[in-house]
Amino acid sequence: GGSDAPAPGTIGFKAVTTSSGSSVVVPEGYTADILYRWGDPCVAGAPEFATDASQSWEAQEVQSGDNHDGINFFPINETSGLLAMNHEYINPEYFFAVTGSEDWYHPEVAANTKKMLAGHGVSVIEVRKGSDGKWSYVKNSSYNRRITGYTPITLSGPAAGHDLLKTAADSTGTEALGTLNNCGAGQTPWGTYITCEENFNGYFGTDDSTFVPSTLQNRYGLSAAGFAYGWHKGDPRFDLVANPNEPHRHGWIVEIDPYTPTSKPKKRTALGRFKHENAECVLSKNNRAVVYSGDDERNEYLYKFVSDGVYNPANKASGANLLDSGTLYVARFDAGTVTGDNQGSGVWLPLVWGQNGLTPENGFANQAEVLIKARQAADRVGATMMDRPEWVAANRTKAGEVFVACTNNNRRGSNDTPSSNKADGSTTAGSARPAVDEANPRAVNNWGHVIRWNEAGADAAATTFTWDIFVIAGNPALEGAKKGSANITAANTFNSPDGIQVDPEGRLWIQTDGSFNNTGDYVGQGNNQMLVADINTKAITRFLVGPDGCEVTGVCWTPDGKTMFINIQHPGEVGSHPNRPTSFAPYSGMDAFIANNPTAFSKWPDGASAGRPRSATVVIRKNDGGVIGT
Ligand code: FEO
Ligand code: CA
Ligand code: CA
Ligand code: CA
């Protein structure tokens, strides 16, 4: 404190260089500590991690899940709080004890599929700051909780009880089992965690050769093969023929009260069904709840929900059901009065039954169907197809200012490989690959960009906005549009912005989930990383580099901005990202690969002698106790 404290928002550290190493690199004067790894005991009484990954599903369901992602901090007092975090997926190649046989992946064994389900979902852990300033999690805290891929969750809001949500196991359509592929997240002003279901489609499949996906199933990427997990072999809930409505019960935002360990989570259907990246919640001028969320797939859309009711900041209970009733909008980005200047105006288009063609003749019988088929509703109203909208971040130091990371896109404009414009092989309405537009200006966007918008009247509930591109990522070692915008330099080059958040003093933090091959389009960019931008000058500085194979994702702070929590996801992942890939075949020899290539990939954080790399939460502090970033 005092007059010598840096001005709020100051960026004062010395940038770190790129790295292709096996550790977390932070600037001089900062410390990064490991807090909570995959398999660490979560619920009171849970066993320690088995380093050969031989733990049962019963152990996994009380230990930390895998692939940590979105994370939020819920304060208790100055020195303690709760962390709620997502476990997005599992890495099959590391998730089971391997006997030496190549034939090790057996989802048809029900206990194996159940263990994978147990590795998904959410953790809530209590964390405390010690007298030495170091944070640790409290083993056996009564707050500690796991929510998994089979925890009972209430379906609430306008789509609850709709026929499309009814299954043999739940004839009422009001209780789903589990939350899956929880990617980003958010936090409400009333102290709840809102977690996002992203690539849920990949878990479903069928061996029934007569299966043909419906239009709705196709639009959400459901297929007989799925992402090759084969869970339908071990749990018929994931068989598209046996349980055709089960996928409709996924793709939602789930609200969890971390302070009440016995509370039942709720899937809030009013916020729409799509592949939600994160859920950024702010209050409008008149205290309506506003939740922004991107649909992370090539040429999908950016949405926001505005509640009907208002929140009373003096009464947290007034938030209890705010997310059950309101208006869902989708964004259209227009070029504005000047063409080619990477800025313009925009409109939030309401997805309201009976308006803008959302009628029975067009396949929408009621508002429930508008929400269950939100992607088709957005197609119908003419929203702008984006370059994979990932995290949305609101600047809480400047009302109405919001950012979205568009991570990359190889299916736009004249780029004609691959031939469809959806990751699942389907095409959008009209089936044309979208042309470039001002908000998505590169046909080959391998590096991504970040868009900023300002809501009209600085009111999050506004239906119009102005926007500009804050940064076009790129590589100064390349030519032309590949170089990116003027605020990309040899010192801060990166690709594929994904996790973004604005800290309590108004700095924009950018995390990457892109190529770390360090060659070609990505030469000189090293491992995935975290950078910080001065929103006023647009200057960007590299703060952290992750271990090889990882992505850096999820970031939150203690309210004073002096402690930062991030997640390192899938360190040591071999090949390209299996949250999506179509087959594990390349991984079937992992045991031999691990034995024969002990230094070929990271075993972060436990080191070369460890059995497995492990996703983990990392705590970052400034050694002098100052605000992170100064
Ligand atoms: Fe799970 Fe779009 O990242
Ligand atoms: Ca313009
Ligand atoms: Ca992400
Ligand atoms: Ca990503």
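Look up a bit, the structure's there.
The shown structure was predicted, so the numbers you read here are calculated from the model rather than taken from an experiment.

Chemist: Please provide a residue-by-residue account of the overall build of the protein chain, values included.
Modeler: Regarding its fold elements, the protein chain presents 7 helices and 30 strands. The C-alpha radius of gyration computed for the protein chain amounts to 23 Å, which stays within 12% of the reference 25 Å derived for 630 residues, consistent with globular compactness. Buried residues in the protein chain amount to 57% of all 630 residues.

Chemist: So what's going on with helix α6 (residues 374-381)? Residues and values would help.
Modeler: Within α6, 6 of the 8 residues are buried, leaving the element largely enclosed by the surrounding structure. Three or more residues of α6 are buried, namely Ala374, Arg375, Gln376, Ala377, Ala378 and Arg380. Of the surrounding secondary structure, the elements contacted by the buried residues of α6 are α4 (215-219), β15 (298-300), β17 (326-334) and α5 (367-372). Positive backbone phi, approximately 85°, marks glycine 382, located one or two places after α6.

Chemist: Would you mind going over unusual backbone geometry in detail, with residue names and values included?
Modeler: Omega for the peptide link from tryptophan 604 to proline 605 comes to 0°, which places this bond in the cis form. Structurally, proline 605 is set in the loop between α7 (590-596) and β30 (616-622). Positive phi, normally seen in glycine, also occurs at asparagine 67, with a value near 50°. Its place among the elements puts asparagine 67 in the loop between α1 (57-60) and β2 (68-77). We note that asparagine 287 has phi near 70°; this positive angle belongs to a residue other than glycine.

Chemist: Account for the nonpolar core, with residues named and values stated.
Modeler: With 150 residues, the main nonpolar core has Val330 and Phe403 as its most contacted residues. With sequence-adjacent residues up to four places away left out, phenylalanine 403 is seen in contact with Val392, Ala393, Val450, Ile451, Arg452, Phe470, Ile500 and Leu508.

Chemist: Lay out the sheet that holds strand β12 (residues 266-268) with the relevant residues and their values.
Modeler: The sheet built from 6 strands is open, its strands ordered β8-β7-β12-β11-β10-β9 with mixed pairing. Of all the strands in the sheet, just β8 (175-177) and β9 (182-187) have a single pairing partner and so form its edges. Pairs of neighbouring strands in the sheet enclose a mean axial angle of 35°, with direction left out of account. For β9 and strand β10 (residues 193-197), the ladder comprises 4 bridges, and the chain directions are antiparallel. Within β10, the residue paired with alanine 185 across the bridge is threonine 195.

Chemist: Explain the sheet that holds strand β28 (residues 551-557) residue by residue, including any values.
Modeler: Reading across from one edge, β1-β30-β29-β28 is the order of the 4 strands in this open sheet, with antiparallel pairing throughout. Bordering the open sheet on either side are β1 (30-37) and β28, each of which pairs with just one other strand. Direction aside, neighbouring strands of the sheet carry axes that sit 25° apart on average. Where β28 lies against strand β29 (residues 563-569), 6 bridges are found, and the strand directions are antiparallel. By the bridge assignment, valine 555 is partnered in β29 with isoleucine 566.

Chemist: Requested: an account of the pairing of β28, with residues and values cited.
Modeler: Counted residue by residue, β28 has 7 buried out of 7 residues, so it is predominantly covered. Connecting β28 to the next strand, β29, in antiparallel fashion are 5 residues, including glycine 561 with a positive phi near 75°.

Chemist: Just give me the short version of helix α3 (residues 110-118), but keep the residues and values in it.
Modeler: Counting buried residues in α3 gives 7 out of 9 residues, a clear majority hidden from the surface. Of the residues making up α3, those classed as buried are Asn112, Thr113, Lys114, Lys115, Met116, Leu117 and Ala118. Lining the buried residues of α3 we find α1 and α2 (92-95).

Calculation rules
Residues numbered from 1 in each chain as written. Chains lettered and ligands numbered in written order. Predicted model: local features only at pLDDT ≥ 70, side-chain atom pairs only at ≥ 80, totals over all residues. Helix = DSSP H or I, 4+ residues; strand = E, 2+ residues; numbered from the N terminus. Rg over C-alpha atoms; globule rule 2.2 N^0.38 Å. Buried ≥ 20, exposed ≤ 12 C-beta atoms within 10 Å, placed from the backbone. Contact = placed C-beta atoms within 7 Å. Core = buried A, V, L, I, M, F, W, Y, C linked by C-beta atoms within 7 Å. Pairing = 2+ DSSP bridges. Axes fitted to C-alpha atoms, helices over the stretch in contact; angles between N-to-C directions.

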